[in-house]
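Inside the fold
Given next are the chains, with one letter for each unit.
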Amino acid sequence: LKIKSLRGLSRGIEIILKNDHETITDPEKVANKLASFFQSISSNNSYDKKFISEIKTPNERKQIVSVINPSNPDQYNINLPITMNEIEQTLKKCNSKSPGPDGIPYSFLQNLGTKSKDLLLRIYNNIWSTGNIPNEWKRGIVIPLPKPGKNKNTTEGYRPITLLNTMAKILEKIINNRLIWFLEKNKFIANEQSGFRRSRSTLDNLVTIHSEINKTFATNQYLGMICLDISKAYDTIWRHRVIQILSKMISNGMFNYIKSFLDNRQFAVKVSNTLSVNVLQENGVPQGSSLSVTLFLLVINNIMENIKYPVNANLFADDFNFWCRSHNLSTVQRFLEEIANKLTQWANTSGFKFSNTKSQCIIFSRKRGQKHMNVQIDGKNIPNNNTVKMLGLKFDTKMNWIQHLKYLKTDINQRLNLIRMLSLIQWGGDEHTLLRIHRQLIRAKLDYGAILYQSTSHSHLKIIDSVLNSSIRLCIGAFKSSPIESIRNIAQEAPSELRRAEKTLLYAASITRNADNPANKHIFETTKIANEDKIQLGSILKVNPYSFPPWSFKLEINMELAQNKKENTNPITYQEHLRKVLDNY
C-alpha cells in the first residue's frame, strides 16, 4: 500500500454516471465525461457574451509588456537566480505523499544527493532565466471527489482536485515566496484582505464584523450586511487581466515566468486508475499551485476600490462582505444599493460573476419587527436570511449564537461516535491516545470562534459544554455520574470558560504584533482585560515584512560543537570549545 501510495496507484472510487438516456460505467468514458464537464467550467461559456465581444476579445489582441524598470532594487532582488538554500527550505515544508503526472513524490526530491540537487538547481535557473516552462510541467491530473449531499451519478456531483508535477510545484513555491515578499513590502494588497497572508486569519474578519454588530446594538441602530459569492471564482479568472496587473508591478524575469505559467494549461481526469484525454483549461488559474492563490489575491484586489464611507468591507480570498450602519434602515439600503451597483460594473469589466442565489443579505438589530432589504446584484434580488454562515461561523440577526451552538453540537455528536468506537474496553485505545484525539477532533472544533460566541449567555454555552464533557468522560472511562471537576482534573483539561479566555488573550497578542491589521481597532475590551491582569500587549514585538529579500540572506552556522557526541563528551570540553569559537569571532 505504501509503494502504491507513492506511485499514485490508489484504488480510487468507482464512479457511475447516469442521465435520461444511458448509464456510463466504463472508467475511460466516465473520465472523459468528467473532463469535458470540468473543462466547460473554465471555458469562455462561463462569461457573458457581451464581456467576450466588447472587452475580452479586443483586449487579448494587444500584446502586454512590462513597463517596470528592471534595475529597481526590488525588481533586481526578485529576479535573482534561484539558490540551493531556497530549494532546501522549500523541500523541508513539503509533506504531501501524492505524486503528480511525473510520478515523483516529494520524498524522492528530499532525499536526492548533492549532484542531483545541483542538476535540479541548474534546470530551475534555466527555466527562470528563459521564462519557458516545459509543457509537461503545465499538465495536471484531476481526481474527482464527490460533493457532500450532491447526486453522485451526475457530473455536477463532483469537484476536481488537481495533482501537479512536484518538481514544478517546488519552483512555483520559490517564485511565490519572492512575489509575496515583494507585494507585502510594497503594500500592494488591500489591508482588508486577510486570506493567505502572514499573521492574518479568518478571525480578523470575524472579529471586525462582530465588533460592528455590537456597536449597532449599543447605539440601537440597524446594520445591513451583504455576503457576496463569486461564481467559479478561481476557474473564471481572466488571465489577460492578471498579466495586465503584473505588467505594472514586476519587470521581465518573473513577469515572463508567470506569463508562461498561465499559458497552455492542460489536465486529464483520473477514474479507477484510467486517464481521460488531455483537455485545455481555457481560463482561470491552475488548481493546486501556491502561485495561483497569490495571483487570485492580486486580481480581486481592486474590488475594495468600490467601497466608500459609510460602507465598510473585508475579504478573505473570495469571501467578500460589505455592510453599513444607521438609525434608518432605508439609509442603510440606499448606501448598500450604491455599492452593489458599483460591484456589478466591476464584475462586468473584470470577468467575474456574482451568484444571486448563493449571496446573502442580513439585518442585525435589536429593534422589534422583522425587516427586509431589497438589494440587487446584476438586476436580481439578494435573498434575505435570518442566519448567515461566514467563514465557518453562523451569525443570526440578534447575535444570541443559538443557531451556531446547535450546529456545533450536531457536528460534535457525529465526531463523538469515533471516540465511542475507539474507547471500547476490549480493544479500544488507551487514555493518552483518546485524549489526543479528543483535543484534535472535538476541542479544536469548539475552539474556533470561541472568542466571539463566549459573549452569549451561560445557559446557551451549556449546549456545547455538555458534549465536550461527554467526550472527556469517554476518553478517561469515567461514569456519567462522575463530577465534571474531577474528570477535568484527571484529563488535565481546563474549564471551558478559562480556555475561551485564554484563546481571546492569545488572539489579541497575535494581532497586536501586526500594526496594520484592521482588527486591532476592535479588541479594546480584550486589551483592557489584559491590562487588568498586568499583561502588556503593547510591549509585544511587531511583525513587519523583511526590508531585505530573505533568499539573499546567508546565515553562517558553526557546527564544530556538534562533532562531539553529547553522551561521550565532558561539559567542560564544550565550554572550552565554545570559548575558542567565540574568540575567533
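Residues numbered from 1 in each chain as written. Predicted model: local features only at pLDDT ≥ 70, side-chain atom pairs only at ≥ 80, totals over all residues. Heavy atoms only, no water.

1. With respect to the nonpolar core
- By size, the foremost hydrophobic cluster in this structure holds 79 residues, and its most contacted members are I250, Y257, I258, F320 and F322.
- With 10 residues, helix α8 (residues 166-185) is the largest single contributor of residues to this core.
- Split by domain, this core shows at least three residues from each of two domains, domain 1 (17-191 + 239-273) and domain 2 (203-232 + 299-396).
- Not counting chain neighbours up to four residues away, the residues in contact with I258 comprise L179, L246, I250, L291 and L295.
- M225, I442, L452 and A508 belong to the second largest nonpolar core, which has 51 residues in total. (Core = buried A, V, L, I, M, F, W, Y, C linked by side-chain atoms within 4.5 Å. Buried < 20%, exposed > 50% of the residue type's maximum accessible area, 1.4 Å probe, protein only. Helix = DSSP H or I, 4+ residues; strand = E, 2+ residues; numbered from the N terminus. Domains from an automatic or database assignment. Contact = heavy atoms within 4.5 Å.)

2. Examining the packing of aromatic side chains
- On inspection of all chains with the given rule, the structure shows 15 aromatic pairs.
- On the basis of an interplanar angle of 80° and a centroid distance of 6.2 Å, the ring pair of F296 and F352 is categorised as edge-to-face. Note that F296 is positioned in helix α12 (residues 290-300) and F352 in the loop between α13 (329-350) and β11 (360-364), a separation of 56 residues in sequence.
- Among the residues examined, F352 registers a relative accessible area of 5% and is labelled buried. (Phe/Tyr/Trp six-rings, centres within 6.5 Å; stacked < 30°, edge-to-face > 60°.)

3. Remarks on the pairing of strand β15 (residues 393-396)
- Bridging between strand β14 (residues 387-390) and β15 involves 4 bridges; their strand directions are antiparallel. If you follow M390 over to β15, its bridge partner there is L393.
- Taking the residues that link successive antiparallel strands as the turn, the β14-β15 hairpin has 2 residues, and the phi of L391 there is positive, at about 50°. (Pairing = 2+ DSSP bridges.)

4. A short note on the side chain of S355
- With respect to the helices and strands, S355 occurs in the loop between α13 and β11.
- Separated by 3.2 Å, the side chain of S355 and the backbone nitrogen of K358 make a polar contact.
- When residues no more than four places from it in sequence are discounted, the contact partners of S355 are D229 and S231. (Polar contact = N/O pair within 3.5 Å; in protein donor to acceptor, adjacent residues only side chain to side chain.)

5. A word on the pairing of strand β6 (residues 266-271)
- Pairing of strand β3 (residues 139-146) with β6, which is carried by 4 bridges, proceeds in the parallel orientation. Residue pairing in the sheet places R139 in a bridge with Q266 of β6.
- Pairing analysis gives 2 bridges linking β6 to strand β8 (residues 279-280), with the strands arranged antiparallel. Note on β8: the bridge partner recorded for Q266 is L280.
- As paired elements, β6 and strand β7 (residues 274-275) share 2 bridges and run antiparallel to each other. Within the sheet, the bridge partner assigned to K270 lies in β7 and is L275.

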